[in-house]
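# Geometric and topological summary
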Amino acid sequence: MTVKPKILIIEDEPNISSFMSTILASNNFTVLRASNGADGLMLASSHCPDVILLDLGLPDMDGKQIIRSVRQWSQLPIIVVSARNQEYDKVEALDLGADDYVTKPFGTSELLARVRTALRHARSSSIDSTVAQTGRFTAGPLTVDFDKRRAYIHGEDARLTQNEFRIVALLARHAGRVLTYDMLLKAVWGPNGSSDNQILRVNMANIRRKIEENPGEPKFIFTEMGVGYRMVEGD
Ligand code: CA
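An account of the accompanying structure is given in this report. The structure presented is a predicted model; accordingly, all values stated were derived computationally and were not measured. (Residues numbered from 1 in each chain as written. Predicted model: local features only at pLDDT ≥ 70, side-chain atom pairs only at ≥ 80, totals over all residues. Heavy atoms only, no water.)

### Brief notes about the packing of helix H7 (residues 162-173) against helix H8 (residues 181-189)
Where H7 meets H8, the axes come as close as 10 Å, and the angle between the chain directions of the two elements is 130 degrees. By the angle between their directions, the pair H7 and H8 is classed as oblique. As for the relative orientation of H7 and H8, their crossing is right-handed in sense. Contacts between H7 and H8 pair Asn163, Arg166, Ile167, Leu170 and Leu171 from the former with Leu184, Ala187, Val188 and Trp189 from the latter. Of the residues assigned to the contact of H7 with H8, the class counts are seven nonpolar, one polar and one charged. (Axes fitted to C-alpha atoms, helices over the stretch in contact; angles between N-to-C directions. Helix = DSSP H or I, 4+ residues; strand = E, 2+ residues; numbered from the N terminus. Parallel < 35°, antiparallel > 145°, perpendicular 65-115°, else oblique. Left-handed = near helix turned anticlockwise from the far one by under 90°. Contact = heavy atoms within 4.5 Å. Nonpolar A, V, L, I, M, F, W, Y, C, P; charged D, E, K, R; others polar.)

### A short note on the coordination of the calcium ion
Tetrahedral metal sites with four donors have an ideal angle of 109.5 degrees; octahedral sites with six donors have ideal angles of 90 or 180 degrees. Those protein atoms acting as donors to the calcium ion are Asp12 (OD), Asp55 (OD) and Gly57 (O), and they sit at 2.2 to 2.4 Å. Here the donor residues of the calcium ion share one chain and are spaced in sequence as D-x42-D-x1-G. (Donors = N, O, S within 2.8 Å, 3.2 Å for Na, K, Ca; no water.)

### Things to note about the sheet that holds strand E4 (residues 78-82)
The strand order across the open sheet formed by five strands is E2-E1-E3-E4-E5, and the pairing between neighbours is parallel. Pairing within the sheet leaves two strands with one partner each, and these edge strands are strand E2 (30-34) and strand E5 (100-103). The mean angle between the axes of side-by-side strands here comes to 20 degrees, regardless of whether they run parallel or antiparallel. Across five bridges, the pairing between strand E1 (residues 6-10) and E2 is parallel. Bridge pairing in E2 places Leu8 opposite Leu32. (Pairing = 2+ DSSP bridges.)

### Overview of H8
Taken residue by residue, H8 has Tyr181, Leu184, Leu185, Ala187, Val188 and Trp189 as its buried positions. Directly after H8, the chain includes Gly190, whose backbone phi takes a positive value near 85 degrees. (Buried < 20%, exposed > 50% of the residue type's maximum accessible area, 1.4 Å probe, protein only.)

### Regarding the nonpolar core
With 31 residues, the main nonpolar core has Ile167, Leu171, Ile221 and Met231 as its most contacted residues. Those elements that provide at least two residues to this core are strand E6 (136-139), strand E7 (142-145), strand E8 (150-153), H7, H8, helix H9 (197-211) and strand E12 (228-231). Looking at this core element by element, the count peaks at seven residues for H7. With 21 residues, the next largest nonpolar core counts Leu54, Met61, Trp73 and Ala98 among its residues. (Core = buried A, V, L, I, M, F, W, Y, C linked by side-chain atoms within 4.5 Å.)

### Topic: the pattern of salt bridges
Per the stated rule, a full pass over the model turns up nine salt bridges. Among the salt bridges present, the one from Lys104 reaches Glu11, with a minimum N-O distance of 3.1 Å. Taken together, the residues span a long stretch of sequence, with Lys104 in the loop between E5 and helix H5 (108-126) and Glu11 in the loop between E1 and helix H1 (14-25) at a distance of 93 residues. Exposure remark for Lys104: the relative accessible area of 14% places this residue in the buried category. A residue is classified by how much of its surface remains accessible, and Glu11, at 2% relative accessible area, is buried. Across the pair Asp62 and Lys64 runs a salt bridge whose closest N-O atoms are separated by 3.7 Å. One network of salt bridges, in which partners are shared, links Glu11, Glu13, Asp55 and Lys104. (Salt bridge = Lys/Arg side-chain N within 4 Å of Asp/Glu carboxyl O.)

### Observations concerning the sheet that holds E8
What the four strands build is an open sheet, ordered E6-E7-E8-E9; its pairing is antiparallel. On the outer flanks of this sheet lie E6 and strand E9 (156-157), each paired with one strand and no other. Two strands pair when backbone bridges link them, and E7 and E8 are joined in this way by four bridges, in the antiparallel orientation. Paired with Thr143 across the bridge in E8 is Tyr152. Strands E6, E7 and E8 of the sheet are contacted by H7, whose axis makes an angle of about 100 degrees with E7.

### Some details on the pairing of E8
The turn linking E7 back onto E8 is made up of four residues, and Arg149 within it adopts a positive phi angle of 60 degrees. Sheet analysis places E8 next to E9, joined by two bridges and oriented antiparallel. Opposite Tyr152, over in E9, you have Asp157 as the bridge partner. Counted between consecutive antiparallel strands, the loop separating E8 from E9 contains two residues, among which His154 sits at a positive phi close to 50 degrees.

Put into C-alpha cells, the structure is as follows:
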C-alpha cells in the first residue's frame, strides 16, 4: 500500500480553499485545511505534511511568518498561493524558503503540476541518490522503508511508533552525519514541541530495544555525547 501524499492548505478564503481541496482529494492526495495562520502552524507541526499550500494574506498573520517558522524545523516544500502578484512578495517568500508559487486565479492542471513538482523535488533533494532509487535504507540486517514508513530488522517489522519511525527515518536519510538533539526535536515534535532532550532519550531507548541486538552497545544508531545521534553508514 502506498501512502497518499499529505497536502496542507492554509487559506482563509473558503471558495479557494475548497476548490484546491476538491482537486487534490480527487487526485489521490490527503488534504488538511486551516483557515488561519495559527491553525496552519499547528497542523504543520503535528501532521508533518508533504507539501504546504500557503496563502500570504491570512487574517491573523502574514503568511511569510509561517515560512520562517516552518523553515526552523523542516525543509518540506511550501508553495505560496496568493492573490498578490507583486514580484517583491514572491521574491521575499522564496528568499525565506518557499519553493514555488501560484498566483490566483489558477487552473486545475497548474495547481497539480506545481504540487507534483514540489513532491519530486523534495524526494530528490532530501534523500541521497541511492536511497531515492530504492526508497529504502539498509545497513546489514536493518532496513528502513521510507515508502511504507516501517523499519525491519532481519526482515521482521520492528513495530516502531510513528515518532520512533520519524526519528529513525531522519537519521537514515542523513546516515553517517550527526543530527543534533535540537534538529531531531524540531523535526519530529515541531517548533512548539518540547525542547527537553529527555523525550528524545526515551524514544531512542525504545528504538534501540526494538532494533538493536544489545541496546547497551548499539550497532546502528550511535550517541554523540552532548550533541545528538548518528546512524551508521548504509550498505
Ligand atoms: Ca487571504
